[in-house]
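Descriptive analysis of the structure
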Amino acid sequence: MQLRNELVRVEADRTGTTIDNLKRAFLENLYYVQGKPPALATLNDYYMALAHTVRDRIMQRWNNSAITYTENQSRTVCYLSAEFLMGPHLGNNLINLGLYEPMKQAIDELGINFDELIEEEGEPGLGNGGLGRLAACYLDSLAALEIPTMGYGIRYEFGIFKQDIRDGWQVEITDKWLRNGNPWELARPEWTVSIPFGGHTESYRNSQGVYRARWVPAWEVKGVPYDTPTLGYKVNTANTLRLWKAEAPESFDFQAFNTGDYYGAVNAKVVSENITKVLYPNDDEIQGKVLRLQQQFFFVSCSLQDMIRIMKGQKIPMERFHEKFAVQLNDTHPAIAVAELMRLLVDQEFLGWDEAWAITQNTLAYTNHTLLPEALERWQIDLFRDLLPRHLEIIYEINQRFMDDVRVKFIDDDARLARMSLIDESGERYVRMANLACVGSHAINGVAALHSELLKQTVLKDFYEYSPEKFSNKTNGVTPRRFMVLSNPRLTQLITDRIGSGWITDLEQLRQLEQFIDDPAFCQQWRSIKQAIKQDLADSIQKDYGVDVSIDSIFDIQVKRIHEYKRQHLNLLHIITLYNRIKANPNIDITPRTFLFGGKAAPGYFMAKLMIKLVSAVSEVINRDPDVRGRIKVVFLKNYNVKFAQHVYPAADLSEQISTAGKEASGTGNMKFAMNGALTIGTLDGANVEIMEQAGEENFFLFGLTAEEVRERKARGYDPKAYYNANPNLQLVIDRIASGFFSHGDKTLFQPIVDNLMQSDPYLLFADYQSYVECQDRVAEAYRDQDKWTRMSILNAARMGMFSSDRSIQEYCDDIWNVKPVTVKETEGFCSAT
Ligand code: CJB
């Protein structure tokens, strides 16, 4: 059946953008889509009606993009990621459509509070932290730059848990994000694929009598795609985020029903659907669970099969797979793509091994996001074989050929062979996913200059020496649409009034702000905007936590996952140091500060959870000690997520980026703070190095050991006790924690933290303590000169242009993906695709 290819007019109610169109459309959606008369509508009904009104205005771009890409057979970037931390869609889509202000006016004119509707939206928490949020920023920039793109991932039924704090401890609550329905996605059951698991392999002779391998799986599940549009800023591009949901194949039910095994049938369904049930809530750490490998293979196979379907639909021969698609592996989570693409090309599409291998390598590229050894993914051989027997064979075959090549290039170097092998045979045998990703990709990159260098010197040294031409750096970036325009409208207005709006898509233009640093009116406006935003956050802290915080204090903020390497506890050591000074001399003149913490701990990460408890314990004592007289306040802000982050970054004076040098691959929160005018206190770690270079050393509070010094210190034999013995202030801090002072006299509660620091201090808090405290004293001093501080704040924002994800994505496009923009034209009405 084919719709006649003629122009069809679309009702103004679905696409019109006058205030009247928007009002009508909103009411119509409330009535016909939500099925509610205004008299019975809840806040959520209004939100849904508004979301549908916005979605209707996306459809034309989405359909036109699909038609354009199909007709042009456009080269397409496929971003494979186990996590996409998109944040709320409503406000962001309105910004990208250029409809934020008209929609606000329309809704407000109807007597409904627009801002409340924006706040009503929950967020799809389909990621843990930096890695998932980076994927979301990249989709935003890819669309803004008009690059045909598919984001491919997993539609987890439960995303990252909701965090509550009870008695100072983290409590995890399941995230039922789909409870009220999701207006932003469309199920596409017509493109369901089938995913095999388990079983065995066998060889057979094809019709020409040639032996071939095939996989005889033991079970399979269906992958159903759910699509969400991702809009570019004020362009007609609407790309697709395609997330896969696992469902039981109907055939299972029938078989079981026929044998009367009703419970067996239901059980098969439960097992299948478990695959996409829940996001693993670990960041920078692996668990080695079979369900996780199932998730990885599931979404990778769904996505590659989808690409093959698209190739066939566009009648592109399979030999040109790498010309049609550039596939980026976001960390090693999708690295099984190397073996799966080989399987599909060789076993299913009947290409020869060498040709398939060339296509695979030319298609895939791999981004590494961490140097932490505990995050290097590897799978026990037996577990791997049980689930993916054919893939193990393919990996052995790849490995054999690869080892032959290495042997020739590095003669008589067995140790190197053992390190580079795709199979770890040093003890129990494992498949090494980073090695697989390196061998199967034509490009490998780190996410900040320092990180990319360290990769070449440490975890991927052998691979760098083997194929240096594959390696490059792509420093991370963040989208200024969400993290400035949407989350900081007041600053956006001020900037745009002065330099126009070109900076929104060309962030380097912020440099033009430098001309105003000596303009007292501009500086005054800058400062009063910061104060107003701080007041909003202070109000919400008062409302949610009952704590009064002064907007004249330094808002000193550390928000990120809780992890020992990120050193939230170093921040605490400084806070306790200030407190001790006050206790020793209650009349001491100190610069008032509000210390804000936020972030989730992996549910099984005991030390991280204890760190949260310690923040709460310290805040309890300090916030109510009359000697402190409110000069320092400490608050742990619960359930830190993208939505809340948008309120936090703009309110910060000081951004804490204090990881042990060499541990944080890049960081991206550091960029979001700085572009909103916060100053950074940080180590020379990750992208901090480049942030300082850009901002200028004089506008950055640097402290601590360098990555090289950390390495040396450890090599020499690091002894934290020596620092403790030599530093009376540090001693007092540690002794106060150990004495039970912050734990109602309980000396055991925080003993694991104290013992860990005193005995090994793996993240060198003690080595950096003095330098950190002195640096914080410089911060306090600098804040007293408000004019100077404001100038530094403006210069930070003005010089963050390079940290737009538009710059990062442009580099990926030019150096790795070799892909060009495709402009999608605006049309009236819609046409059928032919
Ligand atoms: N990262 O969030 C994660 N999860 C991981 O498993 C590994 C790394 C983070 O990725 C971000 C994006 O590249 C980096 O900015 C951050 O430093 C890194 O920890």
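Residues numbered from 1 in each chain as written. Predicted model: local features only at pLDDT ≥ 70, side-chain atom pairs only at ≥ 80, totals over all residues. Heavy atoms only, no water.

1. A short note on the site of the ligand
Worth spelling out the cut-off: We call a residue near a molecule or strand when any one of its heavy atoms sits within 4 Å of it. Polar contacts, as counted here, are pairs of nitrogen or oxygen atoms within 3.5 Å of one another; within protein the pair requires one atom able to donate a hydrogen and one able to accept it, and residues that are adjacent in sequence qualify only if both atoms are side-chain atoms. Where each domain begins and ends follows an automated or database-derived domain assignment.
Taken together, 14 residues form the shell around the ligand, and within it Asp284, His369, Asn476, Glu664 and Gly667 come nearest. Take Gly130: an N or O atom from its main chain is 3.5 Å from an oxygen atom of the ligand. The separation between an oxygen atom of the ligand and a polar side-chain atom of Glu664 is 2.6 Å. Shared between two domains, the shell around the ligand takes at least three residues from each, and those domains are domain 2 (81–88 + 123–379 + 433–475) and domain 3 (480–702 + 783–803).

2. Regarding the domain arrangement of the protein
Short version of the rule: Throughout, a residue-residue contact means that at least one pair of heavy atoms, one from each residue, lies within 4.5 Å. Buried area is a sum: the accessible area each of two parts loses on coming together, probed at 1.4 Å, counted once for each and added. Any Lys or Arg side-chain nitrogen found within 4 Å of a carboxyl oxygen on Asp or Glu counts as a salt bridge. Note that Gly is not counted as nonpolar here; it falls among the polar residues with everything else outside the nonpolar set of Ala, Val, Leu, Ile, Met, Phe, Trp, Tyr, Cys and Pro and the charged set of Asp, Glu, Lys and Arg.
Per the domain assignment, the segments making up the protein are domain 1 (1–72 + 96–121), domain 2 (81–88 + 123–379 + 433–475) and domain 3 (480–702 + 783–803). Taking only C-alpha atoms into account, the centre of domain 1 sits 36 Å from that of domain 3. Contact with domain 1, which involves five residues of that partner, is made by four residues of domain 3. Across the domain 1/domain 3 interface, buried area totals approximately 300 Å², and carbon plus sulfur atoms make up 42% of it. Joining domain 1 to domain 3, the criterion identifies zero salt bridges. The tally of links from domain 1 across to domain 3 stands at three residue pairs in polar contact (both at pLDDT 80 or more). Split into classes, the residues belonging to the side of domain 1 that touches domain 3 amount to one nonpolar, one polar and three charged.

3. Some thoughts on unusual backbone geometry
Selection rule: A run of DSSP states H or I qualifies as a helix once it reaches four residues; a run of E qualifies as a strand once it reaches two. Both are numbered from the N-terminal end.
Backbone geometry at Gln73 places phi at a positive 45°, although glycine is not the residue there. Phi angles above zero are rare outside glycine, and Phe350 is one such case at about 60°. Residue position: Phe350 is located in the loop between helix H12 (337–348) and helix H13 (353–363).

4. Topic: the sheet that holds strand E22 (residues 679–682)
Using the following cut-off: Any two strands between which DSSP finds at least two bridges are classified as paired. Between the N-to-C directions of two axes lies an angle of 0 to 180 degrees, each axis being a line fitted to C-alpha atoms and, for a helix, fitted only over the stretch in contact.
In space, the six strands of this open sheet follow the order E20-E19-E18-E21-E22-E23, with parallel pairing throughout. Each edge of the sheet is formed by a strand with only one pairing partner; in this case those strands are strand E20 (632–637) and strand E23 (701–702). As paired elements, strand E18 (residues 554–559) and strand E19 (residues 593–598) share six bridges and run parallel to each other. Residue pairing in the sheet places Gln558 in a bridge with Phe597 of E19. Along the sheet, helix H23 (residues 568–584) contacts E18, E19, E20 and strand E21 (654–657); its crossing angle with E19, the most-contacted strand, is approximately 155°.

5. Brief notes about the pairing of E22
Cut-off, in case you're wondering: Whether a residue is buried, partly exposed or exposed follows from its accessible area with a 1.4 Å probe, protein chains only, as a fraction of its type maximum: under 20%, in between, or over 50%, in that order. Here the term right-handed applies to a crossover when the path leading from its first strand over the helix to its second strand runs clockwise, the strands being oriented away from the viewer.
Every second residue of E22 is oriented toward a common face, with Leu679 and Ile681 on one face and Thr680 and Gly682 on the other, all of them buried. Handedness of the crossover joining E21 and E22 through helix H26 (residues 669–675) is recorded here as right-handed. One ladder, built from two bridges, connects E22 with E23; its direction is parallel. Across the sheet, Ile681 pairs through a bridge with Phe701, a residue of E23. Running through helix H27 (residues 688–695), the crossover from E22 to the neighbouring parallel element E23 is right-handed.

6. Points about the packing of H12 against H13
The criterion, for reference: Roughly parallel here means an angle under 35 degrees, roughly antiparallel means over 145, roughly perpendicular means 65 to 115, and every remaining angle is called oblique. For a crossing to be left-handed, the near helix must be turned anticlockwise from the far one by less than a right angle; the clockwise case is right-handed.
In the contact formed by H12 and H13, the axes pass within 9 Å of each other and the chain directions differ by 140°. Looking at the two axes, H12 sits oblique to H13. For the element pair H12 and H13, the recorded crossing hand is right-handed. Each of Val338, Leu341, Met342, Leu345 and Val346 in H12 lies in contact with H13, whose residues at this interface are Trp353, Ala356, Trp357, Ile359, Thr360 and Thr363. Split into classes, the residues belonging to the contact of H12 with H13 amount to nine nonpolar, two polar and no charged.

7. As for the packing of aromatic side chains
We count it as follows: Two aromatic rings from Phe, Tyr or Trp, using only the six-membered ring of Trp, form a pair when their centres are within 6.5 Å; if the ring planes differ by under 30 degrees the pair is stacked, by over 60 it is edge-to-face, and anything between is tilted. Placement of a charge over a ring requires the Lys NZ or Arg CZ to be within 6 Å of the ring centre, with the centre-to-atom vector within 35 degrees of the ring normal.
Overall, the coordinates contain 26 aromatic pairs when judged by the stated rule. Ring centres of Phe402 and Tyr466 lie 5.4 Å apart, and the angle between their planes is 90°; on these two criteria the pair is classed as edge-to-face. Here Tyr466 lies in helix H19 (residues 461–466) and Phe402 lies in helix H15 (residues 389–409), a separation of 64 residues in the sequence. Tyr466 matches Phe402 in its accessibility class, with the two residues each being buried. Site record: aromatic cluster; members linked through ring pairs are Tyr79, Tyr138, Tyr812 and Trp817. Above the plane of the ring of Phe325 lies Lys324, whose end atom (NZ or CZ) is 5.7 Å from the centre.

8. Looking at helix H31 (residues 751–759)
Every buried residue belonging to H31 is among Ile753, Val754, Asn756, Leu757 and Met758, and all of these are buried. In this structure, the buried residues of H31 make contact with H23, helix H24 (606–624), helix H29 (720–726), helix H30 (728–738) and helix H32 (765–784). Phi for Asp761, located one or two positions after H31, is positive at around 45°.

9. Description of the sheet that holds strand E15 (residues 430–432)
Taking strand neighbours across the sheet as the criterion, the three strands line up as E13-E15-E14 in an open arrangement whose pairing is antiparallel. The open sheet terminates on both sides in strands that have one partner only, identified here as strand E13 (378–380) and strand E14 (423–424). Direction of pairing for E13 relative to E15: antiparallel, over a ladder of three bridges. What sits directly across from Gln380, in E15, is Tyr430.

10. Things to note about the side chain of Asp347
Among the structural elements, Asp347 can be located in helix H12. Reaching out from Asp347, the side chain makes a polar contact with the side chain of Arg390 at a distance of 2.6 Å.

11. As for the environment of Ser616
You can see Ser616 is positioned in helix H24. Along the sequence, Ser616 and Ile165 sit 451 residues apart, while their C-alpha atoms lie 9.0 Å from each other. Residues contacting Ser616, with those up to four places away along its chain left out, are Ile165 and Gly168.

12. Quick notes on the side chain of Asp806
Here Asp806 lies in helix H34 (residues 805–817). Judged by relative accessible area, which is 8%, Asp806 ranks as buried. Of note is the side chain of Asp806, whose polar atom sits 2.6 Å from the side chain of Ser141. When sequence neighbours within four positions are dropped, the list of residues in contact with Asp806 reads Ser141, Leu145, Arg481, Ile504 and Thr505.

13. Brief notes about the packing of helix H3 (residues 43–72) against helix H4 (residues 90–97)
The N-to-C vectors of H3 and H4 enclose an angle of 40°; their axes lie 10 Å apart at closest approach. Considering their axes alone, H3 and H4 lie oblique with respect to each other. Crossing of H3 over H4 shows left-handed handedness. Between H3 and H4, the residues in contact are Tyr47, Leu50, Ala51, Val54, Arg57, Ile58 and Arg61 and Leu90, Asn93, Leu94, Asn96 and Leu97, respectively. Its residues placed into classes, the contact of H3 with H4 shows eight nonpolar, two polar and two charged.

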